[in-house]
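Spelled out, the chains give:
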Amino acid sequence: MSDIEYAKTSVKVINDFLIDIIGSVVPGIIFLFCVIASVGIPAVMLYFGYPVVQETDPEYATKIELLISNNFQGWFWLVIFFTFIILAYAIGNIFYRRDIKDMDKDSFKYVRTKHFIESVIPSLVFSDIRFKNWKVRRKFCSLKKQKKQLGEDSKRHFIKQYADLLYDYIDQNEKKAFRDETLSLLNGGCSAGSRTLDKIIEKLNHKAYCIYLGDTRDLAVTDAPEPCETTEKQYDVNSDFLREYVSAKYYEKLSLLLKEGNTSDPELTFFNAAGWFFRFSLRSEFACDTEDYCQFPYLYYDKYLCRREAFHLMKHVKWNTENARSKNALNKLKMRIQLASKDEYSILVKNEAHIRMASSSRVVAYWTRTIAYYSLAVLLIVALLTYIGYRKYPESPFFHNLTLDFAVLLRMGSIMLIPVCIILLSNYIWQSVKKFLHYQRLREIFFVLQAYNEIFYTNIRGLPEDLIYRIHKEDRQSYKESAGR
């Protein structure tokens, strides 16, 4: 083995070792440390620092110190250390292998609300939608006050964004006609004013509904909608999508309009447009639009790439239908990368290890927070029982020598401070991981696709031409099969 190959092998072994530590050992150590801190330390401090023990046997602490020094030598602590590391690895590995689907959904729910406040709300300032979420309502009201003109200019801006989102779903042959027709209407091709803009929004809603049903037929914006099903269902499908943000009274009002058959009411049309716009913007920004579809590697990841103009990677996304969506499609690409280039594969493994560490940390935070809550409850019960016993039974042998002075209260307060600190730290980790986990999973897929494209299409590793041709042929066949599903 040459020096270069030996160096590469050593680096790979060290890299795998560090990934194993990051993914398994670190979360396990954090978990055990927090458990010991929230349960063991308060128990020891409560027992050895309890005033009754000191009063009844002043030399008790000295006896304990002699017992520890005589029986627990250096080798004992070495055994304890290695046992701690092995136990940490075993527990951490359980956390590491845990399915992170639910955590990914929680992260998606967080970024969905954030995206709604930051990106969708500014596009809806022309409407009169009433919201119940105080963060959403505050943002909406502040933007309304800042906007001097909430009429046609805001509607035109919304229509441009709305049409731009739907543009990614239209058949390639019809894209130019769709965009030209929409822009000509917005730029004054029709002079009917606000009513014309409302009609454009209504027809874009119909287009969105057809896309939702999987109907690939394109309809010119100026044509009268040919219903894919019935007009009422266009609203039924989307009626609950914004319900968590909209006030109950406003939602009841729109539901009443729908029951009465007033589907052409402008307020209901805007609400429906807001729902479709939000749904398709979520697909473009986060590769999924609902929690049910928030499943790795994400059904709409091709729309995520399209929005970022990474068109060269879209041909590798073969899981963009419900029947084809599977982790195996992405794992197949990873296996090919692993066989062709260890360097690129080590980057992918490192990304996955960081994601697993983040998810493991969140699970650790959940369990340590739960244990800390129980520990704090036990400490409070002990303190309460001690106080009641001291007040009601001061002559009891157990409370006879007890004095509840400031030092005792301070000591018990310091003991309770340990689980409180662990609860605060666990909550911080729980909330922090939720903010970035979904982004990291999207990034992980991008790295896999980019590495696959560089190795087998740009051929940066100089692979044999017959191998490249065979892979390209297989990819084309897989892409046709996924498109035909």
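Residues numbered from 1 in each chain as written. Predicted model: local features only at pLDDT ≥ 70, side-chain atom pairs only at ≥ 80, totals over all residues. Heavy atoms only, no water.

Caption draft 1: Quick look at the overall build of the protein. The secondary structure content of the protein amounts to 18 helices and zero strands. Counting over 485 residues, the protein shows a buried share of 42%. Partitioning the intrachain contacts of the protein with sequence separation of at least 6 by distance along the chain shows that 72% fall at a separation of at least 24. Accessible surface computed for the protein: about 27000 Å², of which carbon and sulfur atoms make up 58%. (Helix = DSSP H or I, 4+ residues; strand = E, 2+ residues; numbered from the N terminus. Buried < 20%, exposed > 50% of the residue type's maximum accessible area, 1.4 Å probe, protein only. Contact = heavy atoms within 4.5 Å. Areas by Shrake-Rupley, 256 points an atom, 1.4 Å probe, with all protein chains shown as cover.)

Caption draft 2: Up close: a nonpolar patch on the surface. Residues Leu 78, Phe 81 and Phe 82 make up a contiguous nonpolar surface patch of about 320 Å² in total accessible area. Mapped onto the elements of the fold, Phe 81 is located in helix α4 (residues 74–96). (Patch = residues over 30% accessible without salt bridge, like charges linked within 9 Å, V, L, I, M, F, W, Y side chains within 5 Å. Salt bridge = Lys/Arg side-chain N within 4 Å of Asp/Glu carboxyl O.)

Caption draft 3: View of the side chain of Glu 344. Relative to the helices and strands, Glu 344 resides in helix α16 (residues 342–392). Glu 344 has contacts with Ile 337, Ala 451, Ile 455, Ile 460 and Arg 461, leaving out every residue within four places of it along the chain.

Caption draft 4: Region of interest: the nonpolar core. Phe 116, Tyr 162, Leu 242, Tyr 301 and Leu 449 are the most contacted members of the largest nonpolar core, which has 79 residues in total. Residue contributions to this core peak at 11 residues, all from helix α12 (residues 266–286). If sequence neighbours within four positions are ignored, Tyr 301 has contacts with Ala 287, Val 317, Trp 319, Leu 442, Ile 445, Phe 446 and Leu 449. Grouped together as the second largest cluster of nonpolar side chains are 13 residues, Ala 88, Ile 91, Met 103 and Ala 358 included. (Core = buried A, V, L, I, M, F, W, Y, C linked by side-chain atoms within 4.5 Å.)

Caption draft 5: A look at a positive patch on the surface. Side chains of Lys 114, Lys 135, Arg 138 and Lys 435 sit close together on the surface and give a patch of like positive charge. Inspection of the secondary structure puts Lys 435 in helix α17 (residues 406–456). (Lys, Arg positive; Asp, Glu negative; His and termini not counted. Charge placed at Lys NZ, Arg CZ, Asp CG, Glu CD.)

Caption draft 6: The pattern of salt bridges, seen in detail. Overall, the coordinates contain 17 salt bridges when judged by the stated rule. Measuring nitrogen to oxygen at the nearest pair gives 3.0 Å for the salt bridge that ties Glu 267 to Lys 253. Residue Glu 267 is found in helix α12, and its partner Lys 253 is found in helix α11 (residues 248–259); the two are separated by 14 residues along the sequence. Given the relative accessible area of 17%, Glu 267 is considered buried. Across the pair Arg 283 and Asp 289 runs a salt bridge whose closest N-O atoms are separated by 3.0 Å. Grouping residues by exposure puts Arg 283 and Asp 289 together as buried. Salt bridges linked by common partners bring Arg 112, Glu 244 and Glu 291 together as one network.

Caption draft 7: Layout of unusual backbone geometry. Backbone torsion omega between Phe 296 and Pro 297 reads 5°, so that peptide bond is classified as cis. Here Pro 297 shows up in the loop between α12 and α13 (301–307). Here the phi dihedral of Tyr 298 falls at roughly 80°; this positive angle occurs in a residue that is not glycine. Here Tyr 298 shows up in the loop between α12 and α13. Relative accessible area serves as the criterion here: at 0%, Tyr 298 is assigned to the buried category. A positive phi angle, near 60°, is found at Asn 459, a position not held by glycine. Of note, Asn 459 is situated in the loop between α17 and α18 (465–484).

Caption draft 8: Representation of the packing of helix α5 (residues 101–120) against α12 within the structure. In contact at an axis separation of 11 Å, α5 and α12 are set at 115° when each is read in the N-to-C sense. Crossing handedness for the pair α5 and α12: right-handed. Residues Phe 108, Val 111, Arg 112, His 115, Phe 116 and Val 120 of α5 form the contact with α12, whose own contacting residues are Phe 277, Phe 278, Ser 281, Leu 282, Glu 285 and Phe 286. (Axes fitted to C-alpha atoms, helices over the stretch in contact; angles between N-to-C directions. Left-handed = near helix turned anticlockwise from the far one by under 90°.)

Caption draft 9: Geometry of the packing of aromatic side chains. This structure, assessed with the given rule, holds 23 aromatic pairs. An angle of 75° between the planes, with centres 6.2 Å apart, marks the rings of Tyr 250 and Phe 271 as edge-to-face. One end of the pair, Tyr 250, is in helix α11; the other, Phe 271, is in helix α12, and 21 residues separate them in sequence. Among the residues examined, Phe 271 registers a relative accessible area of 6% and is labelled buried. In textbook terms, an aromatic cluster arises when at least three aromatic residues are bridged by ring pairs, as seen for Phe 116, Phe 131, Phe 140, Tyr 245 and Phe 278. Taking NZ or CZ as reference, Arg 441 lies 4.0 Å from the ring centre of Phe 296, over its face. (Phe/Tyr/Trp six-rings, centres within 6.5 Å; stacked < 30°, edge-to-face > 60°. Lys NZ or Arg CZ within 6 Å of the ring centre and 35° of its normal.)

Caption draft 10: Inspection of the side chain of Asp 168 at higher detail. The topology assignment puts Asp 168 in the loop between α7 (152–167) and α8 (175–189). Not counting chain neighbours up to four residues away, the residues in contact with Asp 168 comprise Lys 175, Ser 284, Lys 303, Cys 306 and Arg 307.

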